[in-house]
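Fold and contact review
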Amino acid sequence: MKKIVILNGSPRKTGNTAALTAAFTRGAEAAGHQVTEFFLGGMKIGGCRGCFGGGKDAEHPCVQKDDMDLIYPAYREADIVVLASPLYYWTISGQLKAAFDRLFAVAECDENYANPVKESVLIMAAEGDGFAESEFWYDHLEEHIGWKSLGKVLCGGVMNIGDIEGNAKLAEAEKLGASIQ
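Below: a short report on this structure. Fair warning: this is a prediction, and the values are worked out from it, not measured in the lab. In this numbering scheme, every chain counts its residues from 1 along its sequence in written order. Confidence filtering applies because this is a predicted model: local features only for residues at pLDDT of at least 70, side-chain atom pairs given and counted only at 80 or more, and all residues used for totals across whole chains, interfaces and linings. Think of the side-chain values as coming from all heavy atoms in the structure, minus any hydrogens and water.

Here we take up the packing of helix H1 (residues 16-30) against helix H6 (residues 168-178). Here the axes come from fitting lines to C-alpha atoms, over the contacting stretch only for helices, and the angles between their N-to-C directions go from 0 to 180 degrees. Strands are runs of DSSP state E lasting at least 2 residues, helices are runs of H or I lasting at least 4, and numbering of each runs from the N terminus. The geometry of H1 relative to H6 is characterised by a closest axis approach of 6 Å and an angle of 35° between their N-to-C directions. The handedness of the crossing between H1 and H6 comes out as right-handed. Between H1, through Ala 19, Leu 20, Ala 23, Phe 24, Arg 26, Gly 27 and Ala 28, and H6, the contact on the second element is made entirely by Lys 169, Leu 170, Ala 173, Glu 174, Leu 176, Gly 177 and Ala 178. Basically, the charged four are Asp, Glu, Lys and Arg, the nonpolar ten are Ala, Val, Leu, Ile, Met, Phe, Trp, Tyr, Cys and Pro, and anything else, Gly included, counts as polar. Residue composition of the contact of H1 with H6, by class: 9 nonpolar, 2 polar and 3 charged. A clockwise turn of the near helix away from the far one marks a right-handed crossing, whereas an anticlockwise turn of less than a right angle marks a left-handed crossing. Note on definitions: a residue-residue contact is assigned when non-hydrogen atoms from the two residues lie within 4.5 Å.

So, in structure tokens, the structure goes:
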């Protein structure tokens, strides 16, 4: 059994990104994995201050005390991190970026600032199909922090809530979740 954490950067708890993560979760749970999803848009998470003051307390690695303290324990234990976001100005949402930047406090717990090694997935929904910049960011993030991507589900053509209904990308997300070993 793998522990999976989904960082859902959509402000819509019932939107198209959430539909994709729900499909992924169905597949992963059917395969026997444990999934914990965080809806970042409903959480109080400040941006990274770049203070390099974290890493002194493994239980609360960041000097800021906010809802990241709910995420840190699940993140540390996770085998897989799913980055889920709508496409905003050709990249991930600010909610996801702020939370991911704050994970640096966990790397600060290591004397070499090494990030915990994880496997990951990228899930995105968008009105159009301009995912190139997001893929570039994700691919280079993986390379730089030593993570291994298990796949991506990028669903264009879904702007309004419910547009994703019946979309083949839902089955793709579920299949990706079910394929995790």
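Still to come is the rest of the account.
Further remarks concern the pairing of strand E2 (residues 34-39). Direction of pairing for strand E1 (residues 3-8) relative to E2: parallel, over a ladder of 6 bridges. Bridging from a neighbouring strand, Val 5 pairs with Thr 36 of E2. Whether a crossover is right-handed depends on one test, that the path from the first strand over the helix to the second runs clockwise when the strands point away from the viewer. Between E1 and its parallel partner E2, the chain crosses via H1, and the hand of that crossover is right-handed. Two strands are counted as paired when DSSP detects at least two bridges linking them.

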